[in-house]
Each structure stands twice: as structure tokens, then as C-alpha cells.
Amino acid sequence: MKKLLVFVIIGFIAQLIDGSLGMAYGVTSTTLLLTFGIAPAVVSASVHLAEVATTAASGASHLKFGNVDREMVMKLIIPGSIGAFVGACFLSNLPGDLIKPYVSLFLLALGFYIIYRFLFLHSSQEQKQPQKLSKSQLIPLGLLAGFLDATGGGGWGPIATPVLLAKKGIEARKVVGTVDTSEFAVAVSATLGFFISLGWEDVNWFWVGTLMLGGLFAAPIAAWLVKIMPSHLLGVLVGGLIIFTNVRTLLHAWGIAENWYTPIYAIIVFGWAAAVWWAIRNHRKAPLSNDLAS
């Protein structure tokens, strides 16, 4: 019973973060399950099967609260599904650990840019002049994000969310909602790929059921938070999460001594908190500035 509650809580927290910030369900769940010494392919299969239910609930919730760009969802679904299916089928033969550090460096830079953009470049004018990614840009993004999601147990949100947020003119809540909604198709495709390559017998149904249960409770709460959260604050929160998760990946990949982890994480958290405070402060000053201007 104690183990059941722990896994449900993990599923709830993972989906709450994923549904409100557009990433981290796969990363959080996979990290937990790998600590039990289970093969990466089996862990990724179990997480993706759980995500079929949680992403469906999350997508429905985001649609209800108006957090989705339907046109962008349709452009991401097909390439993302193809990338996830291919990645799932060939997971055991892929050098995912060799690729991760390079991807993390790119995402780390994007994380800093996103915080900078939402703190200093964000304005209401951006929302009036959207510069969405074209179909030719969304296709390779979907393929890459879907592929890395299946091979690493989590990658759709961490790749797609920062890239879309870095494009000016797209509302932060629409980015989060769109990425979460399109992730349903990615999770289904990855799961089919795992079933073809591994079979049903390797899936741990206890993990799947408990992760699903926790995620289903969290999905509507996360979508509501995205709806009411100011766009610039949401952008800063997402940017900080991108920096934190990718620094963690790089520390492990580069073999940094563990006694450095705590001070490095403390510096990141302190800077992240300062950025959040600055975003809230700017938001409070904005109405006053508008009143003076009128």
C-alpha cells in the first residue's frame, strides 16, 4: 500500500509539472523507475504506456481551457509520431547517452534565452504579431523531439517546448497546451513501437497503473494553472526548469564530482527564484504604466 501511494504521488507530481510547464513527466518518471535497476527499454515502455492515458487527459483539459493552437498540433503530430515509433523500435541499438550532452547544451542555451526574452523582451505587441514556425520547421522539430522522447524516456516536452517558446509571438500557455496535447499521439506511437520490439510481457503494469492514476488527477489542475498564469511568468518558470534539468544531465555526462552538485543546484535555484521575483515585479508595474500612458 505504501509503495502504491508513493508511485501515485510521483505520477501526480510528474503530470502537474508536465501539464503546467510543458515537460518533465517522462524525465521524472523514468528517473524514478531506473533507480530500481530496470532495463531502460522496459522503463521507457512503461512510462510511455502510462503517458497514453495522462496525455489524453491533459490534452482534453488544455483544449477545454483554450490553451491549444489546433493548427500547430496537427503539424506536430505526424512527424512526432514517426520519430517516436522509430526511436522505440531501435532503442537498444542507439547511443542515446552519447547524444544527450550535445542536446542538453543546446537546450541549456535556449533556457537562458527564454528567461531573458520573457523578462526583458516580452510585450503585449508580440502577441499581436505572431511569428509561428512554418511547416518545414515543425516537421524536423517533431521528428527529432519524438525520436529523442522514445529513446530517452522523455524528450518531447524538453525539446519542443523551449524551441517553440524561443519563437516570438507565440503565447506561453498555447505552447505548453499544444505540446501537451500533441504528446498523446507521440506516446501512442512510441508504445506501439515498444510492443513490437519488446512485447506486452515486459511492461510492469503496477508502475503503469499507479503513474496513470496520479497523472489523471493532476491533468485538469495543471491545465487550469496554465490558463490563469501570466504568460511572462510561465515563460520564466519553463526556462528555469529547462536550465535545471539540462545542467543535471551535463553534470552526470561530464563526470563532475558529486560534492559540486549541491552548490551548483543552489546557484541555479537562487537565480531562478530571482528571475521569478523579477517577472512578478514587472507584471505589477505594467498596469500602473498603462494607466499613466492613458
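Please read all numbers here as calculations on a predicted model, not as lab measurements.

1. Quick notes on the side chain of S58
- When you line up the elements, S58 lands in helix 3 (residues 40-64).
- The exposure class of S58 is buried, given its relative accessible area of 1%.
- Setting aside chain neighbours within four positions, we find S58 in contact with Q15, G19, D180 and A219.

2. Considerations on helix 8 (residues 156-165)
- In terms of burial, helix 8 is a largely internal element, 9 of the 10 residues being buried.
- Among the residues of helix 8, W156, G157, P158, I159, A160, T161, P162, L164 and L165 are the ones counted as buried.

3. Considering the environment of Y261
- In this fold, Y261 is placed in helix 12 (residues 261-293).
- With a relative accessible area of 13%, Y261 lands in the buried category.
- Through-space distance from the C-alpha of Y261 to that of V247 is 9.7 Å; in sequence the pair is 14 residues apart.
- With near-sequence residues (within four places) excluded, Y261 lies in contact with L251, H252 and I256.
- Within the local environment of Y261, its side chain forms a polar contact with the backbone oxygen of I256, the two atoms lying 3.5 Å apart.

4. Notes on the packing of helix 1 (residues 2-21) against helix 11 (residues 231-253)
- The N-to-C vectors of helix 1 and helix 11 enclose an angle of 125°; their axes lie 10 Å apart at closest approach. Taken together, the axes of helix 1 and helix 11 are oblique relative to one another. On helix 11, the residues that touch I17, S20 and L21 of helix 1 are L234, L237, V238 and L241.
- Class assignment for the residues of the contact of helix 1 with helix 11 results in 6 nonpolar, 1 polar and no charged.

5. Here we look at helix 11
- In a regular helix each residue adds 1.5 Å, so 23 residues correspond to 33 Å; helix 11 covers 33 Å between its end C-alpha atoms and thus fits that length.
- G255 occupies a position one or two residues after helix 11 and carries a positive phi of about 70°.

6. Digging into the environment of L250
- One can find L250 in helix 11.
- Here L250 falls in the buried class, since its relative accessible area comes to 4%.
- Distance from L250 to S104, taken between C-alpha atoms, is 6.8 Å for residues 146 residues apart in sequence.
- Ignoring anything within four residues of it in the chain, the contact list for L250 reads P101, S104, L105 and L108.

7. Comments concerning the environment of E171
- Along the chain, E171 falls in the loop between helix 8 and helix 9 (172-197).
- Along the backbone, E171 and N67 are 104 residues apart, and their C-alpha atoms lie at a distance of 9.1 Å.

8. What about the packing of aromatic side chains?
- Applying the stated criterion across every chain yields a total of 3 aromatic pairs.
- The ring of W278 has R281 lying over it, and the distance from NZ or CZ to the ring centre is 4.8 Å.

9. Brief notes about the nonpolar core
- L76, L164, L165, L234, V236 and V238 are the most contacted members of the largest nonpolar core, which totals 51 residues.
- Mapped onto this core, the elements with two or more residues apiece are helix 4 (70-89), helix 5 (96-121), helix 7 (135-152), helix 8, helix 9, helix 11 and helix 12.
- No other element matches the 10 residues that helix 11 contributes to this core.
- Core analysis: the second largest hydrophobic core is formed by 10 residues, L49, A50, F195 and V208 among them.

10. Notes on the packing of helix 1 against helix 10 (residues 205-228)
- Taken N-terminus to C-terminus, the directions of helix 1 and helix 10 make an angle of 35°; their axes are 6 Å apart at the nearest point. The handedness of the crossing between helix 1 and helix 10 comes out as right-handed.
- Each residue belonging to the contact of helix 1 with helix 10 can be placed in one class, and the counts come to 17 nonpolar, 7 polar and 1 charged.

11. Concerning the pattern of salt bridges
- As enumerated under the stated definition, the model contains 1 salt bridge in all.
- Here E71 makes a salt bridge to K75, at a shortest N to O gap of 3.2 Å. Taken together, the residues E71 and K75, both in helix 4 and 4 residues apart, mark about one turn of the helix.
- Among the residues examined, K75 registers a relative accessible area of 25% and is labelled partly exposed.

12. Focus: a nonpolar patch on the surface
- A grouping of I78, I82, F85, V86, I139, L143, L192 and I196 is seen on the molecular surface, where their side chains present a nonpolar patch of about 690 Å² in accessible area.
- Counting residues per element, the nonpolar patch draws most heavily on helix 4, at 4 residues.
- Along the chain, the position of V86 falls in helix 4.
- With relative accessibility at 34%, the residue V86 sits in the partly exposed group.

Conventions we followed
Residues numbered from 1 in each chain as written. Predicted model: local features only at pLDDT ≥ 70, side-chain atom pairs only at ≥ 80, totals over all residues. Heavy atoms only, no water. Helix = DSSP H or I, 4+ residues; strand = E, 2+ residues; numbered from the N terminus. Buried < 20%, exposed > 50% of the residue type's maximum accessible area, 1.4 Å probe, protein only. Contact = heavy atoms within 4.5 Å. Polar contact = N/O pair within 3.5 Å; in protein donor to acceptor, adjacent residues only side chain to side chain. Axes fitted to C-alpha atoms, helices over the stretch in contact; angles between N-to-C directions. Parallel < 35°, antiparallel > 145°, perpendicular 65-115°, else oblique. Nonpolar A, V, L, I, M, F, W, Y, C, P; charged D, E, K, R; others polar. Expected span 1.5 Å × (residues − 1). Phe/Tyr/Trp six-rings, centres within 6.5 Å; stacked < 30°, edge-to-face > 60°. Lys NZ or Arg CZ within 6 Å of the ring centre and 35° of its normal. Core = buried A, V, L, I, M, F, W, Y, C linked by side-chain atoms within 4.5 Å. Left-handed = near helix turned anticlockwise from the far one by under 90°. Salt bridge = Lys/Arg side-chain N within 4 Å of Asp/Glu carboxyl O. Patch = residues over 30% accessible without salt bridge, like charges linked within 9 Å, V, L, I, M, F, W, Y side chains within 5 Å. Areas by Shrake-Rupley, 256 points an atom, 1.4 Å probe, with all protein chains shown as cover.

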